[in-house]
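Spelled out, the chains give:
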Amino acid sequence: MDKKVEVAYDKEGNAHEIVDFNDDYIGAKIGFWLFLFTEVMIFGSMFLIYAFYLFQFDEAFVTSSGGLNLFLGGTNTVILLISALCMGLSLVKLRNGDVLTCKRYLWLTIVLAVVFLGIKYVEWNTEISHGIYPGSAHLASMGDGAVMFFGLYFSITGLHGLHIILGIGTMLWVLGLIRSQKITPKNFVILENTALYWDLVHLVWVFVFPLFYLIY
Amino acid sequence: MSPSIPGSFYEHTHTVFGHHKSKIFQWIFSIDHKRVSILYLFSMLAFFLVAVGLALSMRLELFSPGQDIMSPQRYNQVFTMHGVIMIFLFIVPGIPAALGNFLLPLQIGARDVSFPKLNLLSWWLYMFGAILAVASLFVGDGFADTGWTFYAPYSIKTGTNVIWALTAAFILGLASILTGINFVTTIHRLRAPGMTFFKMPLFVWGLYSTAWIQILATPIVGVSLVMVIFERVFGVGFFDPTKGGDPVLFEHMFWIYSHPAVYLMILPAFGIASEIVPTFCRKPIFGYRSIAISSAMIAGVGYLVWGHHMFTSGISDMVKLIFSLLTFFVAIPTGVKFFDWIATMYKASIDFKAPMVWTVGTFVTFIIGGLTGLILGTIGVNVYFHDTYFVVAHFHYTMLGGVAFLMFAGFHYWLPKFTGRMYSEKHAIRAFYTVFVGFNLLWFPMFLAGAFGMPRRYFDYLPEFEIYHKLSGVGSWIFAIGIVYMLVTLYRGWRYGEPAGPNPWNATTLEWQIPSPPQLENFGEIPYVDFKPYEYKNGEPVHRMDLSVKEGQGHG
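Just so you know, these numbers come straight off a predicted model, no measurement behind them. (Residues numbered from 1 in each chain as written. Chains lettered and ligands numbered in written order. Predicted model: local features only at pLDDT ≥ 70, side-chain atom pairs only at ≥ 80, totals over all residues. Heavy atoms only, no water.)

Chemist: Give a description of the overall build of chain B that names residues and reports values.
Modeler: Of the regular secondary structure elements, chain B holds 15 helices and 2 strands. A compact globule built from 556 residues should have a C-alpha radius of gyration of about 24 Å, and chain B, at 23 Å, falls within 12% of that. Here the C-alpha coordinates of chain B stretch approximately 70 × 55 × 45 Å along the principal axes. Here chain B, with 556 residues, has 65% of them falling under the buried criterion. Of the contacts made within chain B by residues no fewer than 6 positions apart, 81% connect residues no fewer than 24 positions apart. (Helix = DSSP H or I, 4+ residues; strand = E, 2+ residues; numbered from the N terminus. Rg over C-alpha atoms; globule rule 2.2 N^0.38 Å. Buried < 20%, exposed > 50% of the residue type's maximum accessible area, 1.4 Å probe, protein only. Contact = heavy atoms within 4.5 Å.)

Chemist: Tell me about the overall build of chain A, residues and numbers included.
Modeler: Each helix and strand in chain A was counted, giving 7 helices and 2 strands. Dimensions along the principal axes, computed over C-alpha positions, put chain A at roughly 75 × 45 × 25 Å. With 216 residues in all, chain A has 48% of them scored as buried. Counted over contacts in chain A with a minimum sequence separation of 6, partners at least 24 positions apart contribute 77%. On chain A, the mean spot of the 12 positive side-chain charges and the mean spot of the 17 negative ones are 13 Å from each other. (Lys, Arg positive; Asp, Glu negative; His and termini not counted. Charge placed at Lys NZ, Arg CZ, Asp CG, Glu CD.)

Chemist: Residues and numbers for the interface of chain B and chain A, please.
Modeler: In this assembly, 39 residues from chain B lie in contact with 38 residues from chain A. Interface of chain B and chain A: buried area, both sides summed, is about 3,400 Å²; carbon and sulfur atoms make up 73% of it. Summed over the three residues of chain B that lose the most area to chain A, namely R189, F238 and Y528 of chain B, the buried surface amounts to 18% of that side. Joining chain B to chain A, the criterion identifies 3 salt bridges. Our count for the contact surface shared by chain B and chain A stands at 5 residue pairs in polar contact (both at pLDDT 80 or more). (Buried area = accessible area lost by both parts, 1.4 Å probe. Salt bridge = Lys/Arg side-chain N within 4 Å of Asp/Glu carboxyl O. Polar contact = N/O pair within 3.5 Å; in protein donor to acceptor, adjacent residues only side chain to side chain.)

Chemist: Residue-level account of the packing of aromatic side chains, with values.
Modeler: For the structure shown, the criterion picks out 81 aromatic pairs over all chains. With 5.4 Å between their ring centres and 65° between their planes, F149 of chain A and F212 of chain A make a pair best called edge-to-face. With F149 of chain A in helix α6 (residues 144-179) and F212 of chain A in helix α7 (residues 189-213), the pair connects residues that are 63 residues apart, well separated along the chain. Residues F149 of chain A and F212 of chain A agree in their burial class; the two are buried. The cationic tip of R35 of chain B hangs over the ring face of W27 of chain B; the distance from NZ or CZ to the ring centre is 4.3 Å. (Phe/Tyr/Trp six-rings, centres within 6.5 Å; stacked < 30°, edge-to-face > 60°. Lys NZ or Arg CZ within 6 Å of the ring centre and 35° of its normal.)

Chemist: Please give an account of the side chain of T186 of chain B that cites residues and values.
Modeler: Residues and elements named next belong to chain B. Along the chain, T186 turns up in helix α6 (residues 162-189). Overall, the relative accessible area of 0% leaves T186 in the buried class. Looking at T186, its side chain comes within polar contact range of the main-chain nitrogen of S114, at 2.9 Å.

Chemist: Break down the nonpolar core for me, with residues and values.
Modeler: By size, the foremost hydrophobic cluster in this structure holds 271 residues, and its most contacted members are F212 of chain A together with L99, Y126 and F150 of chain B. Ignoring sequence-local partners within four residues, the contact set of L99 of chain B consists of G94, F203, I272, M407, G410, F411, W414 and F418 of chain B. (Core = buried A, V, L, I, M, F, W, Y, C linked by side-chain atoms within 4.5 Å.)

Chemist: Describe the packing of helix α8 (residues 247-281) of chain B against helix α11 (residues 354-377) of chain B, with residues and values.
Modeler: All names here are of chain B. Where α8 meets α11, the closest approach of the two axes is 9 Å, and the angle between their N-to-C directions is 130°. With respect to α11, the axis of α8 lies oblique. The two elements α8 and α11 meet at a crossing, and its hand is left-handed. Across the interface between the two elements, I266, F270, A273, I276, V277, F280 and C281 of α8 pack against P355, M356, T359, F363 and F366 of α11. When the residues that make up the contact of α8 with α11 are grouped by side-chain class, the tally is 11 nonpolar, 1 polar and no charged. (Axes fitted to C-alpha atoms, helices over the stretch in contact; angles between N-to-C directions. Parallel < 35°, antiparallel > 145°, perpendicular 65-115°, else oblique. Left-handed = near helix turned anticlockwise from the far one by under 90°. Nonpolar A, V, L, I, M, F, W, Y, C, P; charged D, E, K, R; others polar.)

Chemist: So what's going on with the state of the cysteines? Which residues, and what values?
Modeler: Residues and elements named next belong to chain A. Evaluation of the coordinates by the stated rule reveals 0 disulfides over all chains. Cysteine C86 shares no disulfide, and the gap to the nearest cysteine sulfur, in C102, comes to 12 Å. The exposure class of C86 is buried, given its relative accessible area of 5%. (Disulfide = S-S within 2.5 Å.)

Chemist: So, a nonpolar patch on the surface: which residues are in play, and what are the values?
Modeler: Residue and element names in this part refer to chain B. Among the surface-exposed residues, L325, F328, F329, I332, V336, I367, L371 and L374 lie close enough to one another that they form a single nonpolar patch of about 650 Å² accessible area. Of all the elements in the fold, those that place two or more residues in the nonpolar patch are α10 (317-345) and α11. The greatest single-element share of the nonpolar patch, amounting to 5 residues, is contributed by α10. Following the sequence through the fold, F328 ends up in helix α10. Residue class for F328 comes out partly exposed when judged on its relative accessible area of 30%. (Patch = residues over 30% accessible without salt bridge, like charges linked within 9 Å, V, L, I, M, F, W, Y side chains within 5 Å. Areas by Shrake-Rupley, 256 points an atom, 1.4 Å probe, with all protein chains shown as cover.)

Chemist: How would you explain unusual backbone geometry if you had to name every residue and give the values?
Modeler: One can expect most non-glycine residues to show negative phi and most peptide bonds to be in trans. Residues and elements named next belong to chain B. For the bond running from A152 to P153, omega is 0°, close enough to zero to count as cis. Structurally, P153 can be placed in the loop between α4 (116-135) and α5 (154-157). Note that the residue after S516, namely P517, is joined by a cis bond; omega there is -15°. Structurally, P517 is set in the loop between α15 (466-496) and β1 (536-537). Located in the positive-phi region is D387, a residue other than glycine, with phi close to 55°. Tracing the sequence through the fold places D387 in the loop between α12 (379-385) and α13 (389-419).

Chemist: An account of α7 of chain A is needed here, citing residue identities and associated values.
Modeler: Owing to its 3.6 residues per turn, the α-helix aligns residues three or four sequence positions apart on the same side. The end-to-end C-alpha distance of α7 of chain A is 36 Å, a good match for the 36 Å that 25 residues give at a rise of 1.5 Å each. Taking burial as the measure, the 25 residues of α7 of chain A include 18 buried ones, the bulk of the element. (Expected span 1.5 Å × (residues − 1).)

Chemist: Give a detailed account of the pattern of salt bridges, specifying residues and quantitative values.
Modeler: When their charged atoms lie close together, side chains carrying opposite charge are able to pair. Residues and elements named next belong to chain B. All told, the structure shown has 14 salt bridges over all chains when counted by the stated rule. When the shortest N-O distance is used, the salt bridge between D351 and K353 registers 3.4 Å. Within the structure, one salt-bridge network assembled from shared partners comprises R282, D351 and K353.

Chemist: Mind laying out the UniProt feature "transmembrane region" (unreviewed entry) in chain A, listing which residues take part and the relevant values?
Modeler: If you check UniProt for "transmembrane region" (unreviewed entry), the listed places come out as residues 32-55, 67-92, 104-122, 152-175 and 196-215 of chain A in our numbering. Across residues 196-215 of chain A, the secondary structure splits into 90% helix and 0% strand, with the terminal C-alpha atoms separated by 29 Å. (UniProt positions renumbered as here; feature names shortened; annotations may be inferred.)

Chemist: Pulling in residues and values, what's your account of helix α4 (residues 99-129) of chain A?
Modeler: Residue and element names in this part refer to chain A. Under the 1.5 Å per step criterion, the end-to-end length of α4 is 45 Å for 31 residues, consistent within 8% with the ideal 45 Å. By the burial criterion, the buried members of α4 are T101, C102, L106, T109, I110, L112, A113, F116, I119, K120, E123 and E127. Residues of α4 that are buried sit in contact with α3 (70-95), α6 and α7. One or two residues past the end of α4 sits G131, with phi positive at roughly 80°.

Spelled out as structure tokens, the structure:
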């Protein structure tokens with residue numbers, strides 16, 4: 001895209017470039033980082049609530065944590081790690097001008113994200129089939145600490161899963177933009193922001209995983 | 001929607017679809033910050049009038065003891081709806097989204113905000129949230145009756161339609177976050193060359209501090225509201241004591257946002273005062289830097305004081321002491337601002353036009369509100385005054401007598417810039433005095449009623465309190481008449497007023513250097529700004545620029 005440079009002159013006659021809202025790469029990055037701050041605040045406050053109840057019901061939290069499937073959770077961690085790598089590589093490839101490989105890595109990221117959701121589904125399904133879900137009589141019989149642990153578990157992993165789904169949607173949209181040449185090797189800020197978002201989603205999981213699975 | 005002025009943004013616009021033939025689509029899909037701001041302005045004022053109507057009906061109910069015009073249950077819903085509309089639909093988005101959206105790019109010499117489409121999206125979200133809130137009246141068992149704070153566990157147990165109200169509040173919060181992100185990015189990236197942070201107009205400083213609060217605090221209340229929704233839908237139990245949850249935790253989460261939100265409302269209002277005072281005193285503002293920094297300080301300290309809402313909730317004495325002390329700190333930067341404004345007015349030949357009269361009137365009401373805030377921040381007194389009419393009076397003196405009054409001052413001040421026309425000074429002043437008298441008659445008696453023990457949110461009261469409610473009732477009618485009078489004056493000014501010219505007030509900031517109303521994309525030529533925003537010499541602005549029109553786009 002050809003940029004029309006507009007300038008203003010100071011008293012000494014030096015030229016200063018005017019930043020315009022239409023094509024401001026740094027502005028787009030700043031805006032997205034600010035959005036990520038809000039995401040950090042959302043998950044941060046949920047972790048705060050987690051900390052509050054961990055302090056109150058530490059024994060029940062440890063016991064309940066033992067009921068989660070460490071193997072599936074660990075697999076999901078690895079999957080998300082690899083997907084973040086793929087996302088990063090797709091950005092690198094795009095910047096190097098290799099649009100085809102970029103798209104392939106994006107598809108790979110989407111597939112991994114779907115696998116993540118599938119494993120999550122299996123996990124949730126197991127717990128729900130054991131009668132462990134918010135509001136169930138069985139969970140209520142397990143005591144307040146377990147109610148709180150699984151309440152937090154379903155809320156936080158649910159919210160995280162929602163972010164994964166939104167991420168998949170965004171990646172499909174990005175693929176569409178690449179196809180219609182709105183994202184090119186010279187104009188890639190949307191893909192870059194998507195990669196940042198995916199890093200955040202992955203980073204949140206890196207906190208969620210030990211908090212719920214590893215305290216046993 | 002308005003008289004068409006050749007060349008101005010009322011004629012030309014960008015929409016998300018490029019150019020669109022339909023006039024309505026040109027408005028509701030416009031990505032010009034000035035049009036988005038006017039969309040916000042009108043929708044916001046419409047909801048404001050609804051909430052005023054609800055308040056009048058409450059005052060009517062309370063005019064004499066006993067049940068008069070509504071049932072207790074209905075009364076609870078009415079005050080909840082009044083609160084939800086006034087807070088989430090009027091006063092939080094009010095100044096930033098309606099006035100700030102219009103003025104921020106003009107004041108920093110930008111052609112638009114950083115993300116014009118996001119700007120439009122946030123108005124759409126706002127309307128969606130608003131419609132959701134209003135629609136919940138007609139669904140299920142009617143509007144929430146929890147009060148605008150949605151305190152758990154009542155909000156979990158009540159049979160009314162809390163979920164819709166919560167979802168609406170969440171969506172409105174999202175709209176507010178998007179506006180905040182947009183403003184911070186715009187201020188960081190699109191300032192005209194040469195305009196350093198300490199050369200920005202003070203209204204921009206107010207918006208900047210506000211935007212940070214929107215970004216950092218709103219997500220927390222957002223997630224708290226979502227958790228209440230989880231509780232109601234799935235029965236999770238975070239805030240439900242029967243399941244081991246802690247309702248006080250909800251109060252913490254809620255006030256971590258909602259206390260900074262108070263400053264989110266007042267900071268841009270202070271910004272308006274800082275624009276108006278130097279302009280009508282024809283003097284550089286006293287202590288520019290201290291006013292700018294105090295905005296940021298208020299925003300910072302505002303995060304640390306939420307606990308003073310919870311002195312009676314059973315938190316520990318040490319925590320109460322700390323929160324009480326921190327609360328007093330907020331008075332310091334606020335006091336700095338007031339002394340700076342008064343120092344600017346000292347020995348100035350003040351031009352008492354309507355915006356200035358509104359501002360000086362606000363100083364009176366806000367000082368009453370602020371000083372009673374100190375009373376309430378003191379633990380011992382707070383325990384006595386908690387949830388009485390004293391709090392109601394304090395709250396309305398700060399929010400209405402502070403934020404809304406300065407917003408009205410801003411309406412008068414910038415009307416010529418928005419419309420190119422002038423309101424009638426005579427009627428504007430009369431409207432001010434009507435509002436001012438009505439306001440004080442309405443809320444001052446509540447300080448007394450509260451001090452004598454009248455609890456707030458009550459549908460009925462003992463006969464001893466009748467006199468205060470009678471006075472308030474009369475005050476509420478005078479107040480409402482004054483508000484309508486003011487809006488009619490502004491509207492008549494817009495439709496039939498004298499042409500105002502680009503700079504009727506001899507103001508110095510950039511928005512006054514271009515024609516009124518501005519053209520699409522604001523500036524013909526963007527200046528190099530290496531001077532302070534308020535420079536006057538012998539009562540005249542030092543810098544006069546001609547940034548009038550873009551090539552090939554006539555104006556007038």
